[in-house]
Amino acid sequence: MSLPSRVLHPGLQQKITTADAAAALIRHGDHVGMSGFTGAGYPKVVPGALARRIEAAHAAGQPFRVGVWTGASTAPELDGALAKAEGIEMRLPYQSDATCRQRINAGEMEYLDIHLSHVAQLVWFGFLGKLDVAVVEVSGVREDGLLIPASSVGNNKTWLEQADRVILEVNGWHPAELEGMHDIYYGTERPPHRLPIPMTAASDRIGEPYLRVDPDKVVAVVQTHLPDRNTAFAPPDAVSERIAEHILDFLSHEVKRGRLPANLLPFQSGVGNTANAVLAGLDRGGWRDLSAYTEVLQDGMLAMLKSGTLAHASATALSLSPEAMQEFLAHLPFYRERIVLRPQEISNHPELIRRLGIIAMNGMIEADLYGNVNSTHVMGTRIMNGIGGSGDFARNAYLSIFMTASTAKAGRISCIVPMASHVDHTEHDVQVIVTEQGLADLRGLSPRARARVVVDRCAHPDFRPALQDYIERAEAAGRRGQGGLHTPHLLAEALSWHERYERTGSMRA
């Protein structure tokens with residue numbers, strides 16, 4: 001039995017076609033803006049059809065590669081399929097696909113890692129070149145041509161406005177009750193015409209529930225009925241639970257000191273097991289009337305909304321496990337009243353993060369003695385995923401917290417190192433570092449004081465003596481005039497831990 005069409009606009013009904021026919025409208029060298037943010041709301045069938053076209057062209061000896069711009073990471077049907085077909089010339093702004101990662105690190109694909117709040121404006125400024133095609137998933141098209149967004153918004157507003165040609169995937173899998181959950185703000189301007197964004201609370205609605213598109217730019221409409229691909233998180237382990245305990249104790253202490261209100265401030269949380277452990281701890285801790293202003297709404301936030309711990313949540317995408325998605329769908333009217341999905345240029349906007357006073361909690365790969373954080377590169381040269389929105393929040397948050405286990409690779413890597421092998425967040429943007437060993441509050445501390453607090457409270461005992469020895473010898477060298485004493489380093493040894501790991505498979509001496 002065929003499902004009723006979600007395409008109600010008469011003109012766009014005439015443009016309904018197949019994925020293969022739609023993909024045929026994308027050309028070699030095109031810049032393609034695709035919807036999607038953490039496995040939610042990405043086009044499900046056109047990217048696969050495009051990958052098949054690319055493979056056929058390559059088999060015939062013809063060049064065929066495109067630029068792929070998205071909101072953030074997507075799914076194997078998009079990133080994986082196009083990367084496997086060797087069809088991506090340039091990828092931006094964030095990815096988490098294993099095949100993409102391999103090709104990027106092998107030098108077979110260009111990758112531009114960008115703050116998520118910057119992408120839309122860089123496109124508007126013309127800094128990234130012309131956007132040729134937009135491929136955007138929506139949950140429906142109204143009779144008046146307005147588009148009902150799906151489970152993520154990301155950069156879709158900008159793609160639809162800036163692209164010369166638009167391909168819509170209208171996915172009937174998304175429930176019709178999503179209509180009204182979104183808040184699309186059309187008030188942004190390019191300098192010198194910018195105005196303040198009229199938002200003073202995370203729950204404010206400042207836009208409209210629909211995306212706009214010029215029907216004349218739409219060259220194809222493809223109907224689908226396919227689910228998002230968000231995977232379940234493993235239950236928090238002992239390390240994640242311990243990190244969460246340190247953060248929750250710290251937040252309680254800040255409330256007692258009068259530096260946070262009783263219901264905290266709006267919080268932002270990166271995706272992952274540790275983040276969900278923190279959210280679960282908040283849910284158990286007797287907190288009430290909290291708010292979230294973040295990028296993705298994950299399982300822990302859904303549970304907090306259901307219990308009443310969280311009053312409302314603002315995000316740009318849903319990043320729910322299959323089980324949590326079933327809960328969301330079963331009680332969608334309840335959640336629709338408490339969740340707002342916005343474009344990422346608003347969910348990650350520095351002005352709003354600063355104004356609302358966000359408590360930002362993000363993961364990292366490593367931190368060094370002085371509080372510089374690497375959140376993107378393994379051993380300084382190999383990209384993992386990307387900076388995502390962590391920089392948007394860290395620079396502008398009321399509290400900027402970074403967290404990780406103290407070791408990795410079965411204890412062979414210390415995540416606290418003498419010098420970070422790559423720096424995404426400088427010491428100036430990092431206020432708190434947390435591992436399962438403890439929490440280092442770096443506010444108001446000079447570099448040398450930070451170094452001792454980071455080592456004493458966050459480093460694993462197996463590596464702590466070596467780090468303390470490094471500090472003492474670096475300071476002694478500074479006193480001898482071999483370097484300065486403001487931020488002491490032994491330059492010949494600063495990255496020797498990473499070099500040792502590359503050579504021997506362990507940072508241990």
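The paragraphs below set out a description of the structure included in this document. (Residues numbered from 1 in each chain as written. Predicted model: local features only at pLDDT ≥ 70, side-chain atom pairs only at ≥ 80, totals over all residues. Heavy atoms only, no water.)

Things to note about the overall build of the protein chain
Helices and strands together make up the secondary structure of the protein chain, namely 18 helices and 25 strands. For the protein chain, the C-alpha radius of gyration of 24 Å lies close to 23 Å, the compact-globule estimate for 509 residues. When the backbone C-alpha atoms are referred to their principal axes, the protein chain occupies close to 80 × 55 × 45 Å. Each of the 509 residues in the protein chain was classed as buried or not, and the buried ones make up 57%. In the protein chain, the share of contacts with a sequence separation of at least 24, taken over all contacts with a separation of at least 6, comes to 73%. For the protein chain, the exposed area adds up to about 19,800 Å²; of that, 52% sits on carbon and sulfur atoms. Charge centroids of the protein chain, computed over 49 positive and 57 negative side chains, lie 4 Å from each other. (Helix = DSSP H or I, 4+ residues; strand = E, 2+ residues; numbered from the N terminus. Rg over C-alpha atoms; globule rule 2.2 N^0.38 Å. Buried < 20%, exposed > 50% of the residue type's maximum accessible area, 1.4 Å probe, protein only. Contact = heavy atoms within 4.5 Å. Areas by Shrake-Rupley, 256 points an atom, 1.4 Å probe, with all protein chains shown as cover. Lys, Arg positive; Asp, Glu negative; His and termini not counted. Charge placed at Lys NZ, Arg CZ, Asp CG, Glu CD.)

A look at helix H18 (residues 496–504)
Burial in H18 covers these residues: Ser496, Trp497, His498, Arg500 and Tyr501. Of the surrounding elements, those touching the buried residues of H18 are strand E16 (366–368), strand E22 (413–414), strand E23 (416–417) and helix H17 (464–479). Positioned one or two residues after H18, Gly505 has a phi angle of 90 degrees, which is positive.

Some details on the packing of helix H9 (residues 273–284) against helix H10 (residues 299–307)
Put simply, H9 and H10 touch, their axes get as near as 8 Å, and they point 15 degrees apart. Overall, the two elements H9 and H10 adopt an arrangement that is roughly parallel. Considering only the axes of H9 and H10, their crossing is left-handed. Taking contact as the criterion, the partners of Asn276, Leu279, Leu282 and Asp283 in H9 are, on H10, Asp299, Gly300, Met301, Ala303, Met304 and Ser307. Taken together, the residues that form the contact of H9 with H10 break down as five nonpolar, three polar and two charged. (Axes fitted to C-alpha atoms, helices over the stretch in contact; angles between N-to-C directions. Parallel < 35°, antiparallel > 145°, perpendicular 65-115°, else oblique. Left-handed = near helix turned anticlockwise from the far one by under 90°. Nonpolar A, V, L, I, M, F, W, Y, C, P; charged D, E, K, R; others polar.)

Focus: unusual backbone geometry
A cis amide bond links Leu92 to the next residue, Pro93, at an omega of 0 degrees. With respect to the secondary-structure elements, Pro93 resides in the loop between strand E3 (88–92) and helix H5 (98–105). Cis geometry is found at the peptide bond from Pro191 to Pro192, where omega equals 10 degrees. Within the fold, Pro192 resides in the loop between strand E7 (165–171) and strand E8 (218–224). Non-glycine residue Thr38 carries a positive phi angle of around 50 degrees. Structurally, Thr38 is set in the loop between strand E1 (31–34) and helix H3 (46–59).

Digging into the pairing of E3
Pairing of strand E2 (residues 66–69) with E3 involves four bridges; the strand directions are parallel. Along E3, the bridge assignment pairs Trp69 with Leu92. The handedness of the E2 to E3 crossover, carried by helix H4 (residues 76–84), is right-handed. Where E3 meets strand E4 (residues 110–111), two bridges bridge the pair, whose relative direction is parallel. In the sheet register, Arg91 faces E4, and the bridge partner there is Tyr111. (Pairing = 2+ DSSP bridges. Right-handed = clockwise from strand over helix to strand, strands pointing away.)

Considering the side chain of Thr38
Under the relative-accessibility criterion, Thr38 is labelled buried at 17%. Dropping the residues within four chain positions of it, Thr38 is found in contact with Ala72, Ser73, Thr74, Asn230, Val296, Ala317, Leu318 and Ser319.

A look at the sheet that holds E23
Read across the sheet, three strands follow the order E17-E16-E23 without closing on themselves; strand pairing throughout is mixed. The outermost strands of the open sheet, each flanked by one partner alone, are strand E17 (373–374) and E23. As paired strands, E16 and E23 are joined by two bridges and run parallel to one another. Bridge pairing links Asp368 to Val417 in E23.

Side note on the packing of aromatic side chains
On inspection of all chains with the given rule, the structure shows five aromatic pairs. Between Trp69 and Trp159 the ring centres are 6.1 Å apart and the planes differ by 50 degrees, which places this aromatic pair in the tilted class. Of this pair, Trp69 sits in strand E2 while Trp159 sits in helix H7 (residues 156–162), and the two are 90 residues apart along the sequence. Of the two residues, Trp69 and Trp159, neither departs from the other in class, the shared state being buried. Plain terms: the ring middles of Phe334 and Tyr335 are 5.0 Å apart, the flat faces sit at 80 degrees to each other, and that makes the pair edge-to-face. Residue classification places Tyr335 among the buried residues on the basis of a relative accessible area of 0%. (Phe/Tyr/Trp six-rings, centres within 6.5 Å; stacked < 30°, edge-to-face > 60°.)

Digging into H3
Owing to its 3.6 residues per turn, the α-helix brings residues three or four apart onto one side. Compared with an ideal rise of 1.5 Å per residue, which puts 14 residues at 20 Å, H3 spans 20 Å between its outermost C-alpha atoms and is within 8% of the ideal. Taken together, the buried positions of H3 are occupied by Val46, Pro47, Gly48, Ala49, Leu50, Ala51, Ile54 and Ala57. Count one or two residues on from H3 and you reach Gly61, which has phi positive near 80 degrees. (Expected span 1.5 Å × (residues − 1).)

Focus: the packing of helix H8 (residues 238–256) against H9
Across the interface, H8 lies against H9 with an axial gap of 8 Å and an inter-helix angle of 50 degrees. Compared by their axis directions, H8 and H9 come out oblique. Read as a crossing pair, H8 and H9 show a hand that is right-handed. Where H8 approaches H9, its residues Ser240, Glu241, Ile243, Ala244, Ile247, Leu248 and Leu251 are matched on the opposing element by Asn273, Thr274, Ala277, Val278, Gly281, Leu282 and Arg284. Classifying every residue of the contact of H8 with H9 by side-chain character gives eight nonpolar, four polar and two charged.

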